[in-house]
Amino acid sequence: MAALTVKELASLLSVLSEDATQAQTFESLASTFHHYFTNKQDYFKVGQALVLLLQHRDLLPHQTQKLAAVFILYEMYKTDPVAANPFAAVFLNLLQESTEKKDANPYDLQSSIPPVSAAERYFLSNLISSTSKELLKKTPAQIIQMDVTGKVPMDISQTQLFIVQRQSEMPHTSKTAMSCVLADPETKPTSFEQFGKPNLINPDIQRDVAETLLTGPKCAVDNTLRPEFIRLAPPLHIAEDEMAWMLPTDTEFNVAWDTTMCVNTSTGVEVRRLMAKAFKGPLSPPQQQQIKKELDKDSKLVYNIGLSPAKLPDLVENNPLVAIEVLLKLMNSTQITDYFQVLVNMEMSLHSMEVVNRLTTQVELPSEFIHLYISNCITTCETIKDRYFQNRLVRLTCVFLQSLIRNRTIDVKDIFIEVQAFCIEFSRIREAAALFRLLKSLDNEKEPNSTGR
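What comes next concerns the included structure. Not measured: the values here are computed from a predicted model. (Residues numbered from 1 in each chain as written. Predicted model: local features only at pLDDT ≥ 70, side-chain atom pairs only at ≥ 80, totals over all residues. Heavy atoms only, no water.)

## Quick word on the overall build of the chain
Going by this rule: Each helix is a run of H or I in the DSSP string that is no shorter than four residues. Each strand is a run of E no shorter than two, and both are numbered from the N terminus. Here, residues are in contact when the closest pair of their heavy atoms is within 4.5 Å.
Helix and strand counts for the chain come out as 20 helices and four strands. In the chain, 70% of the contacts between residues at least 6 apart in sequence involve partners at least 24 apart.

Put into structure tokens, the structure is as follows:
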């Protein structure tokens, strides 16, 4: 990573100055930051610099400065999902209660960041859940002084889960380094009394230290301590009179290309985000197509999208087309029987019938499942009290049964008696009468064969 220039560092420190964070709102701070840093390619090195500043309280001595720095970490990547933010682990760490950090590794990149107050955690939880538009009109000082007693923080458990999952996808080598810069544990008051703040570092010294750490060819964020990669010793000989550790004499080499380089790893996170929305309400056609496209690319992705048998009814009612695609991908799963069981026992509706009907046309379903679903439909029609709703469900059931029979999905003789009784009971309904005639016509077609025998 390229180090910050002296000018860029000066611009960043001016955004985070005590006067700016005391007087300016978060919206103004964001506007000032984007004025100085217009190239998004610079955001990562700025973010690394901000994390190092947060780790060392002498470099950002005021609480308003720290809160503004955390806000800038979010602001740089606000158009991306929070879990895709390269500094999402900072948010995860700050949102933990201080009691949850007692066992944290003191050399971890984020664990050394000082904890924040309840008001700051409340602000941050609203920030990453995108519900903080009104709070952005306040200054960092106002947020810190805000009384959040009795205020319920935003539920960000789903976001935290996505962040943890994304962190788990990172290679272990990315978690094995520690910063070369360690804070001085000296807790005695400094001698810079002339500034009226005896416990704060001299601003000139503070600026010089920041420049030393964050600018120049020996930038601190580029220097880390990593464990030595130890390998087994090679065999003494791999051929006659040839040592394994000697340099090869052959100058012809074959390039081995790593096909996983530059592959976007945020796909799984985005599909899980869309699935979380699919359980709660209808998705747009482009969103449904995106889920289908990603599932077609990776057949194993279906096991990591947050679906469980208990959530299937919500998915069927809100997004039946997505439910069909997911169930088709789960056909070879050992858990498919559980999904069938839920589908059989869920409340009968147009969407559940659509799902079952589409599945029967694309894969061979167990006959026991189809018979149980038909029995459930018939029982529901017979027990419902509302006459209008009953007529509507009877029509749906009749159309559904006709489709199964015409597509030869089921053997008529297996359901003939039960369906015939159903048709007679609701013979006042046109669709039931049509289904009865279809059953009789099929039965008459089989009778000559029986007589011939």
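Back to the write-up after that little detour.
## Comments concerning the nonpolar core
To keep it simple, the criterion reads: In this description, a nonpolar core means a group of buried Ala, Val, Leu, Ile, Met, Phe, Trp, Tyr and Cys residues linked to one another through side-chain atoms lying within 4.5 Å. Residue burial is assigned from relative accessible area. The probe radius is 1.4 Å, only protein chains are included, and a residue is buried under 20% of its type maximum, exposed over 50%, and partly exposed in between.
In terms of nonpolar packing, the biggest core is built from 63 residues, with M275, V326, L343 and I374 touching the most fellow members. Here this core gets eight residues from one element, more than from any other, and that element is helix α18 (residues 387–406). Residues V46, A88, I163 and L214 belong to the second largest nonpolar core, which totals 60 residues.

## Observations concerning the packing of helix α1 (residues 6–15) against helix α3 (residues 26–36)
Short version of the rule: Lines fitted to C-alpha atoms define the axes, with helix axes restricted to the stretch in contact, and inter-axis angles between N-to-C directions lie between 0 and 180 degrees. Under this scheme an angle from 65 to 115 degrees is roughly perpendicular, one under 35 degrees roughly parallel, and one over 145 degrees roughly antiparallel; angles in between are oblique. Polarity classes work like this: nonpolar for Ala, Val, Leu, Ile, Met, Phe, Trp, Tyr, Cys and Pro, charged for Asp, Glu, Lys and Arg, and polar for all others, with Gly in that last group.
Closest axis-to-axis distance for the α1/α3 pair is 10 Å, and the angle between their directions is 175 degrees. Judged on the interaxial angle alone, α3 and α1 are roughly antiparallel. Taking contact as the criterion, the partners of S11, L12, S14 and V15 in α1 are, on α3, L29, T32, F33 and Y36. Considered class by class, the residues forming the contact of α1 with α3 number five nonpolar, three polar and no charged.

## Description of the environment of L95
Tracing the sequence through the fold places L95 in the loop between α6 (88–94) and α7 (118–128). Residue L95 is classed as buried on the basis of its relative accessible area, which comes to 14%. Between the C-alpha atoms of L95 and L124, which are 29 residues apart in sequence, the distance is 7.5 Å.

## Section: the side chain of T397
In this structure, T397 sits in helix α18. With near-sequence residues (within four places) excluded, T397 lies in contact with M348, M353, C377, C381 and F422.

## Remarks on the pattern of salt bridges
Under the convention used in this document: Only one rule defines a salt bridge in this text: a Lys or Arg side-chain nitrogen within 4 Å of an Asp or Glu carboxyl oxygen.
Scanning the model with the defined rule gives eleven salt bridges in all. Among the ionic pairs, E8 bridges to K45, the shortest N-O distance being 3.2 Å. One end of the pair, E8, is in helix α1; the other, K45, is in helix α4 (residues 43–55), and 37 residues separate them in sequence. Across the pair, exposure class does not vary: E8 and K45 are buried alike. We note a salt bridge from R430 to E431, for which the minimum N-O separation is 3.8 Å. Judged by relative accessible area, which is 17%, E431 ranks as buried.

## Comments concerning the state of the cysteines
Worth spelling out the cut-off: Any two cysteine sulfur atoms within 2.5 Å of one another count as a disulfide.
On inspection of all chains with the given rule, the structure shows zero disulfides. The thiol of C381 is not disulfide-bonded; the next cysteine sulfur, from C377, is found 6.8 Å away. The structure places no disulfide on C423, whose sulfur is separated from the nearest cysteine sulfur, that of C398, by 5.5 Å. Judged by its relative accessible area of 2%, C423 is buried.

## With respect to the side chain of T215
Applicable threshold: Any N or O atom pair separated by 3.5 Å or less is treated as a polar contact, with the protein-specific requirement of one donor-capable and one acceptor-capable atom, and with residues adjacent in sequence counted only for side-chain atom pairs.
Its place among the elements puts T215 in the loop between α10 (203–214) and β2 (224–225). Within the local environment of T215, its side chain forms a polar contact with the backbone oxygen of E211, the two atoms lying 2.4 Å apart. Discounting residues that sit within four places of it in the chain, T215 has contacts with A3, L4, T5, V6, L9 and A210.

## Section: the environment of K78
When you line up the elements, K78 lands in the loop between α5 (63–76) and α6. Using a relative accessible area of 45% as the deciding quantity, one classes K78 as partly exposed. Sequence separation of K78 and S130 is 52 residues, and the distance between their C-alpha atoms is 9.0 Å. Within polar-contact distance, the side chain of K78 engages the side chain of E75 at 3.0 Å.

## Focus: the packing of α4 against α5
Formally: Working rule for handedness: look at the near helix, and if it is turned counterclockwise from the far one by less than a right angle, call the crossing left-handed; if clockwise, right-handed.
As a packed pair, α4 and α5 sit with axes 10 Å apart at the nearest point and diverge in direction by 155 degrees. Relative to α5, the element α4 lies roughly antiparallel. You can see that α4 and α5 cross each other, and the crossing is left-handed. Contacts from Y43, V46, G47, L50, V51 and L54 of α4 reach α5 at K66, A69, V70, I72, L73 and M76. Here the residues of the contact of α4 with α5 are counted per class, giving ten nonpolar, one polar and one charged.

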